[in-house]
Amino acid sequence: MLIGLTGGIGSGKTTVAGMFKSLGVPVYHSDERAKDLMTTSEDLIPKIKELLGDEAYVDGSLNRQYIAMKVFSDKSYLDRLNEIVHPAVRDDFHKWAGEQTTPYVIQEAAILFENDAYKKFDRMILVTAPKRIRLNRVMHRDQVAEDNILARMNHQWEDAKKIPLADFVIENIELARTASQVKQIHKKLVELTTSKEF
Ligand code: ATP
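Please read all numbers here as calculations on a predicted model, not as lab measurements.

Looking at unusual backbone geometry
Part 1 of the argument: Unusually for a residue other than glycine, D59 sits at a positive phi of about 50°.
Part 2 of the argument: With relative accessibility at 78%, the residue D59 sits in the exposed group.
Part 3 of the argument: Phi at Q143 takes a positive value of approximately 55°, unusual for a residue other than glycine.
Part 4 of the argument: On the secondary structure map, Q143 appears in the loop between α6 (131–142) and α7 (146–153).
Part 5 of the argument: You can call Q143 exposed: its relative accessible area is 65%.

As C-alpha cells, then:
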C-alpha cells in the first residue's frame, strides 16, 4: 500500500515520518531525494541549467540560495522546475517502493494535494499545526526571516482545504499525543492491508 504524508511547512512532517520509521515503516523523503536527483541525474542537470542558468550549480553542487531566490521570486520558474523534477521523483519513488517488503510504505512531501499527486496514493495522512506555531518552529529551526517562510507558505494550501481530502489528520502540537496518533494510524494501516477494504 502506498501512503502519502504531507503537511504545510513546519507542520512536523519529518518529525511524524521519523515516528513511522521507528515503527519499522520505510519512508521516502521527496525533498531530500529531489535534491539528490537534481545533483546526480544526467537527465535532470542539463534541463535545470537550461531553465535557471549555469549558476544553479557551483562545483557540481546545487546552488540552493540562488535557486530559492529565483523560484520564490517568480512562480513560473517554480512551476517549470517542478515540471522537470516531479516526474523524476515519481519514477524514483515507484522504483524504491517496489523494492520494499513491508505492508505499506510512506512518501513524505510538502506538496501532494496542491498538484493532484495525492490521487496515486491508497491513503493520505495530513499533519497540521496552527500557522503561528509553524512559523515559529521554522524561524527557530532554519534561522530565517518570517517573510521568507510566508513566501513559501503562500504556495501551499491552507489546512482547511486539505483536511477534507485526507484519510488521517494528525494535529501535531504536543509530541506525545502525536506519537500516540501515529501508533493508532499504523495499526489501522496494517489492518487495512489484510482487509477487503483495500
Ligand atoms: P518543512 O516543511 O520545513 O520540511 P516539516 O513539516 O517537515 O517542515 P519538521 O521539520 O518535522 O516539519 O518540524 C519543524 C521544526 O519543528 C523542527 O525543528 C521540529 O523539531 C520541530 N517540531 C516538530 N513538531 C514539534 C512539536 N510537536 N513540538 C515542538 N517542536 C516540534
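Some words on the site of the ligand
Part 1 of the argument: Near the ligand there are 13 residues, and of these K13, T14, T15, R141 and N172 occur at the shortest range.
Part 2 of the argument: Between the ligand and the protein, one listed contact pairs an oxygen atom with a backbone N or O atom of S11 at 3.3 Å.
Part 3 of the argument: Within the side chain of K13, one N or O atom sits 2.7 Å away from an oxygen atom of the ligand.
Part 4 of the argument: For the ligand, whose free accessible area comes to 630 Å², the fraction covered by protein is 73%.
Part 5 of the argument: In terms of residue count, helix α1 (residues 13–22) provides more of the shell around the ligand than any other element does, 3 residues in total.

Notes on the packing of helix α3 (residues 44–52) against helix α5 (residues 75–98)
Part 1 of the argument: One can describe the packing of α3 onto α5 by two numbers: an axis separation of 11 Å at closest approach and a directional angle of 175°. Here α5 runs roughly antiparallel to α3, going by the angle between their axes. Here α3 contributes L44, K47, I48, L51 and L52 to the contact with α5, which in turn contributes Y77, R80, L81, I84, V85 and A88.

Side note on the domain arrangement of the protein
Part 1 of the argument: Structurally, the protein comprises domain 1 (1–26 + 103–198) and domain 2 (32–99).
Part 2 of the argument: A separation of 23 Å is found between the C-alpha centroids of domain 1 and domain 2.
Part 3 of the argument: Each side of the interface is counted separately: domain 1 has 10 residues, and domain 2 has 10 residues.
Part 4 of the argument: Here domain 1 meets domain 2 over a buried area of about 810 Å², counting both sides, of which 78% is carbon and sulfur.
Part 5 of the argument: The interface formed by domain 1 and domain 2 contains 0 salt bridges.
Part 6 of the argument: At the boundary of domain 1 and domain 2, one finds 0 residue pairs in polar contact (both at pLDDT 80 or more).

Looking at the sheet that holds strand β6 (residues 123–128)
Part 1 of the argument: The parallel open sheet is built from 5 strands, whose spatial order is β2-β5-β1-β6-β7. The sheet is open, and its two edges are formed by β2 (27–29) and β7 (168–171), each paired on a single side. Neighbour-to-neighbour, the strand axes of the sheet open up by a mean angle of 20°, direction not taken into account.
Part 2 of the argument: Taken strand by strand, helix α9 (residues 175–193) contacts β1 (2–7), β6 and β7, and its axis lies near 165° from that of β7.

Side note on the environment of T6
Part 1 of the argument: As for its position among the elements, T6 is in strand β1.
Part 2 of the argument: Of the residues examined, T6 reaches a relative accessible area of 0% and is grouped as buried.
Part 3 of the argument: The contacts of T6, once residues within four sequence positions are left out, are K13, A109, A110, I111, L112, F113, M124, I125, L126 and V127.
Part 4 of the argument: Here A110 takes part through its backbone oxygen, which lies 3.1 Å from a polar atom of the side chain of T6.

Looking at the environment of Q100
Part 1 of the argument: Note on placement: Q100 falls in the loop between α5 and β5 (105–108).
Part 2 of the argument: Q100 has contacts with P26 and V105, leaving out every residue within four places of it along the chain.
Part 3 of the argument: Looking at Q100, its side chain comes within polar contact range of the main-chain oxygen of W96, at 3.1 Å.

Let's talk about the side chain of N172
Part 1 of the argument: Its place among the elements puts N172 in the loop between β7 and α9.
Part 2 of the argument: Using a relative accessible area of 3% as the deciding quantity, one classes N172 as buried.
Part 3 of the argument: At 2.8 Å, the side chain of N172 and the backbone oxygen of S11 are in polar contact.
Part 4 of the argument: Not counting the four nearest positions on each side in its chain, N172 is found in contact with S11, G12, V127, T128, A129, R137 and T178.

What counts, and at which threshold
- Residues numbered from 1 in each chain as written.
- Predicted model: local features only at pLDDT ≥ 70, side-chain atom pairs only at ≥ 80, totals over all residues.
- Heavy atoms only, no water.
- Buried < 20%, exposed > 50% of the residue type's maximum accessible area, 1.4 Å probe, protein only.
- Helix = DSSP H or I, 4+ residues; strand = E, 2+ residues; numbered from the N terminus.
- Near = heavy atom within 4 Å.
- Polar contact = N/O pair within 3.5 Å; in protein donor to acceptor, adjacent residues only side chain to side chain.
- Areas by Shrake-Rupley, 256 points an atom, 1.4 Å probe, with all protein chains shown as cover.
- Axes fitted to C-alpha atoms, helices over the stretch in contact; angles between N-to-C directions.
- Parallel < 35°, antiparallel > 145°, perpendicular 65-115°, else oblique.
- Contact = heavy atoms within 4.5 Å.
- Domains from an automatic or database assignment.
- Buried area = accessible area lost by both parts, 1.4 Å probe.
- Salt bridge = Lys/Arg side-chain N within 4 Å of Asp/Glu carboxyl O.
- Pairing = 2+ DSSP bridges.

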